[in-house]
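# What the coordinates show
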Amino acid sequence: MTISLNWLKEYIDTKLPAEEISNLLTSLGLEVEGMEEMESIKGGLEGVLVGEVKECWRHPNADKLSLTKVDIGTGDLLQIVCGAPNVAAGQKVLVATVGTTLYPTNGDPITLKLGKIRGEESQGMICATDELGMGEDHSGILVLPADAAIGTTGRDYFKLEKDIVYEIGLTPNRSDATCHLGVARDLAAALQVQFGQMSGVKMPSVEKFKVNNNSLPVAVMVENTEACPRYAGVTIKGVTIGESPDWLKKRLLSIDVRPISNVVDITNFILHELGQPLHAFDLDEIAGQKIILKTLPEGTKFQSLDERERSLSDHDLMICDGDSNGMCIGGVFGGATSGVKDTTKNIFLESAHFNAKWIRRSSTRHDLRTDAAKVFEKGSDPNVCVYALKRAAMMMVELAGGEIASEVVDVYPNPIENQLITVSFDYVNRLIGMEIPKEKINEILSALEMKIMAETSDSFTVSVPTNKADVTRPADVVEEILRVFGLDNVPAPAQIRSSMVASEKPDPNAVRNTIADYLAANGFNEVMNLSLSQSAFYKEILPTSPLGKETSELVFVNNTSNVQLDIMRPTMLFSGLEAVVNNQNRQQSDLKLFEFGKTYHSITDYGLRKSDSTPNPQSAIVNPKFVEPQHLALFITGQRFQESWRNKEKVSADFFALKSFVGNVLARLGVGSGFQETVVKDDMFAYGLKYHRGPQDLVIFGKVQPKICKKMGIRGEVFYADLNWDALLAAAKKQSISFAELNKFPTVRRDLAVVIGKSVKFSDLAAVAKKVGKKLLKDINLFDVFEDETKLGEGKKSYALSFTFEDPTRTLQDKEVDAAMNELIEAFEGKLGALIRR
């Protein structure tokens, strides 16, 4: 939310510096995220002076240029070359002197230099409106009235003002601070309580509001009072749509709102002044001069202001005409034909209070995050509707002409009263952590316009204004008191009590940081994706449930902010693939990503009949349980190594690169061995491996199915590993670290080539070798694979293995190593059917 300090000072008197006001707003819970000095015209017309054209004649070397002599009050006349067709002697003009930087409406800034144009020296520039950044007109120079004083600066002539603009990070609960007057009320309360300034807030007066006649009455019928508890309106006849005055345009531009026309600008001004959205209808477009608030049948078509045809829900509140034609989605967005146009003469002005839930749902359903919807969904003040309506109507009569041609219509069947909340003084002091005098509490509540209705020695009952929709409990009242009292005024306790806490070993956070450091050191970047995902992924791309596309294991959420993100993710895959797509779309194709996170599952236990051997969903008693296992996900794609003059050959990321990272992570956790391997090929993986201990999965990794990548819009192959972090942490707890003296005796290496069946894996060979040579065998490694059926035979392959032997107590002799190798050969031949290549 953007707040203008100059605008704010129209309602409150304060001499505090802008920086102190910023700090005070932040302490009030209106956190100032940015603060910027603004000017109504960029550059402030520095170096621009009022001058008078004393002489003007045709340029000797150019037919379309003129030479002028201009007096800017310095005593010397400036010679300026001018290309404007309307320049003439005797004119008062604006002159940009040499060295001045201009910020034109269109184009880049211009810094004027002394130079020659077609052979004639030019000592400045006589400016057009667009060259000063004051408009779009470039038909000629800007000619000032004859009484303009020569030498007056452009800033002084146009009375330009500097402004400070605050960018406030407004929290969703602060419905009372969505506008300048709301911020002014908070600021005035703090100034009174903390600085003793009793200025208060100056509210704009509507006492002069007057109904001129009742010639254009509009009937209003509210069929759905739940969605619209209050609806008010008034008719203004004979308006002239035109440009807004400069003061109004400056106010809107200061908060980055583009001026459109006097009537539309007034509705925007009231929104940002009072926090009350308004809507102006072209009265001549309202059939039967009747307004009906109702819902329309599901699927009804509606042409909105952005010229899109929208399909309505039967839970969208519509503002309809007398023929029940939708003119506007109430509180959200206008229609294509019923709004104000340049030809509009008669206006029906609407001011309403809508139900926050209805507005939020319609806004998100149609993806229309308008300023009005943002106010209504926080909770607007129902009792400011008529005041805002009168304020806007008076401004329209003043700035657009016309007359008020109806009584104020106010449909308010169930008036919303101030809420009464009783709070004990002891509760206030306990929550704040210090004793605040009762007089100070009364002063704070009074400054916040929260009237104390009753008070005893122990408690008080306060009347909460309807603009504070978030204040509903005693704790909320305490929060209001503390905001204004000042959190910095609460002293830190003299004593800090703590208790000894025994942390589990190993520390999960320390283990996580260790693995994250390893991955980052190897070129990975950590990502933090949303836990929310789209059910469409699991219905259309990867059904996860054994029941098929019913996706019974998915955890659905009612996400009104983004209806596409309707489930909690059951796998880390798609959130990671979305990160890959996002990077590829930004020319980042060589990626190594990792993420620590949770997946979410609704596990349905089906009861078993005594006669059944399998679960029977139809006769089961369903007992849903939710589980949130932790995972570590790895993704690699593109080139394995960063482009460099040292690495001229491109090496693509592949399965074995991912396998090495997985293996190193497991080894770092102390889980580098003692698990089984299972080949994986399913809907998720084109090929891969699963490491597990019996039924307990530790990690599954491999190449993501190309069809999944294609549907996600990913270019190239993606390799993905899903590590069961809970299982790995549990396994890491059982590992102990032991230290051994470095072996001072030499190792011995022997190589062996074995021909085996293609179904035999290296892990099978390693398991046999470690069992047979466990006393002396230190390491076994696969360093070559050869496949040629014409030389080896059908279904055969050749592995080249290296074996490393050592004894920590002595130097091994050749005959001992030979004996160990013979035992290995016999084991390979007997257990795996291997043929030794000699």
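Before going into details, it helps to say that this report is about the structure given with it. The structure displayed is predicted, hence computed values, not measured ones. (Residues numbered from 1 in each chain as written. Predicted model: local features only at pLDDT ≥ 70, side-chain atom pairs only at ≥ 80, totals over all residues. Heavy atoms only, no water.)

## Quick look at the packing of aromatic side chains
Under the counting rule described, the total for this entry stands at 20 aromatic pairs. Centroid distance Phe 281 to Phe 348: 6.5 Å. Interplanar angle 35°. Geometry classified as tilted. Here Phe 348 lies in strand 23 (residues 346-353) and Phe 281 lies in strand 16 (residues 278-282), a separation of 67 residues in the sequence. This pair shows no difference in class: Phe 281 is buried, exactly as Phe 348 is. Put simply, the rings of Phe 655, Phe 656, Phe 675, Tyr 687, Tyr 691 and Phe 701 touch in pairs and so form one group of aromatic residues. Arg 749 extends its terminal NZ or CZ atom over the ring of Phe 783, reaching a point 5.4 Å from the ring centre. (Phe/Tyr/Trp six-rings, centres within 6.5 Å; stacked < 30°, edge-to-face > 60°. Helix = DSSP H or I, 4+ residues; strand = E, 2+ residues; numbered from the N terminus. Buried < 20%, exposed > 50% of the residue type's maximum accessible area, 1.4 Å probe, protein only. Lys NZ or Arg CZ within 6 Å of the ring centre and 35° of its normal.)

## A word on the sheet that holds strand 38 (residues 685-693)
Here we have seven strands laid out as an open sheet, ordered 29-33-36-40-39-38-37, and mixed in their pairing. Of all strands in the sheet, those bounded by a partner on one side alone are strand 29 (525-526) and strand 37 (676-680). Against the sheet, helix 18 (residues 725-733) engages strand 33 (591-598), strand 36 (630-637), strand 38, strand 39 (696-704) and strand 40 (718-724), with an angle of about 50° to strand 40. (Pairing = 2+ DSSP bridges. Contact = heavy atoms within 4.5 Å. Axes fitted to C-alpha atoms, helices over the stretch in contact; angles between N-to-C directions.)

## Observations regarding the state of the cysteines
Enumeration over the complete set of coordinates arrives at zero disulfides. Of all cysteine sulfurs in the structure, the one in Cys 320 sits closest to Cys 328, which takes part in no disulfide; the separation is 9.7 Å. Its relative accessible area of 2% is what places Cys 328 among the buried residues. (Disulfide = S-S within 2.5 Å.)

## Description of the environment of Glu 455
Looking at the element boundaries, Glu 455 is found in strand 27 (residues 451-455). The class for Glu 455 is partly exposed, based on a relative accessible area of 40%. Separated by 31 residues in the primary sequence, Glu 455 and Ser 424 have C-alpha atoms spaced 9.6 Å apart. Here Glu 455 is in contact with Phe 425, Lys 438, Asn 442 and Phe 460, once residues within four sequence places are set aside.

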